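Report on the structure
The lines below spell out each chain.
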Amino acid sequence: MGETFGEAVFSTGMTGYQETLTDPSYHRQVVVMTAPHIGNTGVNDEDPESKRIWVSGYVVRDPARTPSNWRSRRSLDEELTAQGVVGISGIDTRALTRHLRERGAMRVGIFSGAAVADEATLLAKVQAAPQMEGADLSGEVATAEAYVVPAIGTKRFTVAAIDLGIKGMTPHRMAERGIEVHVLPATATAEDIYAVDPDGVFFSNGPGDPATADHPVALMRAVLERSTPLFGICFGNQILGRALGFGTFKLKYGHRGINQPVQDRTTGKVEVTAHNHGFAVDAPLDAPSDTPFGRAEVSHVCLNDNVVEGLRLLDRPAFSVQYHPEAAAGPHDAAYLFDRFVSLMEGQRA
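Presented here is an overview of the structure given in this document.

Calculation rules
Residues numbered from 1 in each chain as written. Predicted model: local features only at pLDDT ≥ 70, side-chain atom pairs only at ≥ 80, totals over all residues. Heavy atoms only, no water. Helix = DSSP H or I, 4+ residues; strand = E, 2+ residues; numbered from the N terminus. Buried < 20%, exposed > 50% of the residue type's maximum accessible area, 1.4 Å probe, protein only. Areas by Shrake-Rupley, 256 points an atom, 1.4 Å probe, with all protein chains shown as cover. Lys, Arg positive; Asp, Glu negative; His and termini not counted. Charge placed at Lys NZ, Arg CZ, Asp CG, Glu CD. Pairing = 2+ DSSP bridges. Phe/Tyr/Trp six-rings, centres within 6.5 Å; stacked < 30°, edge-to-face > 60°. Lys NZ or Arg CZ within 6 Å of the ring centre and 35° of its normal.

For the protein, the count of helices and strands is ten helices and 18 strands. Counting only C-alpha atoms, the protein reaches 65 × 40 × 35 Å along its principal axes. Relative to its 350 residues, the protein shows a buried fraction of 54%. Counting only carbon and sulfur atoms, one obtains 49% of the accessible surface of the protein, whose full area is about 14900 Å². Side chains of the protein give 32 positive and 43 negative charges; the mean places of these two sets differ by 3 Å.

Next up on the list: the pairing of strand S13 (residues 247–264). Relative to strand S14 (residues 270–282), S13 is paired through eleven bridges, and the arrangement is antiparallel. Opposite Val262, over in S14, you have Glu271 as the bridge partner. Here S13 folds back onto S14, and the loop between the two strands holds five residues, one of which, Gly268, carries a positive phi near 85 degrees. Strand direction decides the pairing type here: S13 and strand S16 (residues 294–302), joined by three bridges, are antiparallel.

All right, on to the environment of Gly236 then. Examined against the element boundaries, Gly236 turns out to sit in helix H9 (residues 235–243). C-alpha separation for the pair Gly236 and Leu164, spaced 72 residues apart in sequence, amounts to 8.2 Å.

The step from Gly330 to Pro331 runs through a cis peptide bond, and the omega angle for that step is -5 degrees. Positive phi values are uncommon outside glycine, yet Cys234 reaches one of about 60 degrees. Secondary-structure assignment places Cys234 in the loop between strand S12 (230–233) and H9. In this structure Cys234 comes out as buried when scored by relative accessible area, which is 1%. The phi angle at Ala327 is positive, at roughly 25 degrees, despite the residue not being glycine. Position of Ala327 among the secondary structure elements: in the loop between strand S18 (318–321) and helix H10 (336–349). A residue is classified by how much of its surface remains accessible, and Ala327, at 4% relative accessible area, is buried.

A complete count under the given rule lists six aromatic pairs for this structure. Judged by centre distance (5.7 Å) and plane angle (80 degrees), the ring pair of Phe231 and Phe338 falls under edge-to-face. Remark: Phe338 occurs in helix H10 and Phe231 occurs in strand S12; sequence separation between them is 107 residues. Grouping aromatic residues by their ring pairs yields a cluster made of Phe202, Phe231, Phe319, Phe338 and Phe341. Over the ring of Trp54 we find Arg52, and its NZ or CZ is 3.8 Å from the ring centre.

Another point: the environment of Ala114. Checked against the element boundaries, Ala114 lands in the loop between strand S7 (106–112) and helix H4 (119–128). For Ala114, a relative accessible area of 84% puts it in the exposed group. C-alpha separation for the pair Ala114 and Val181, spaced 67 residues apart in sequence, amounts to 47 Å.

Here it is in structure tokens:
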């Protein structure tokens, strides 16, 4: 019950709704699920990507009446209620998705109970809500204090990870490869990064408009100047784009879901990948570009619309991708990118 506002976006994943709800990159967005039946596996305590639900609203067609899964601890409805997330069901989410594809992501409101008023009043409230363009949100979702995720097994490397909205599975994927991950706040300085004596630096996913992220851009440039191995995903890819001198722009309706085809142009391999982004990097696809840090090229591209999905420096150990190789809910086609990061650190150490 109540009211909520946000940018309406649609997610095409048929599974992984719990990971979607707890992804900090969805902060201030109302997520429309294109799969009609949501909530059938309930909610467990193992799959959240963060400590809370971040979506500002949730839209489904047919919520499960009774969850059925051996790991389920409570229903999706109970979890949304407990965390105060306003949702709506019983609407034609396919028609709504087509509308968003044709008109673009837009501000919306969900109202129930005492919050319901006449149409003009509700429309005025929606129009008064802030837009996503120009929104600086990473500081609202990042950790306030640094913490460490220890390596699993023998420690091989130390990585400083800048939390711009990091998902829990990301440091876990690095820990699986013998990396001790020091997760630092979005406000971290270059001195904070190098105080942990890192073998590599990681910039995470996160919400908001990359055009506002001046501090992360300056921080990444400081890392690039020292030629420390660097890996960024999603928001981190946009930060690398800006650090290299490229622009960013807002996509009409973005990429969200777990079935987006991306080609790794360095190998020619096509991967099915998990996405959650409404902004993209504006970089030339046809040839390498000269940047203040040497030559850079577009390493990955979306096969649906030719959006830049990855960047790679040719003269320094740095690369990024626009999608999510940790993909807790799957697919796992891009997990090799963490191995590529390890290879960069091995090469630098050698």
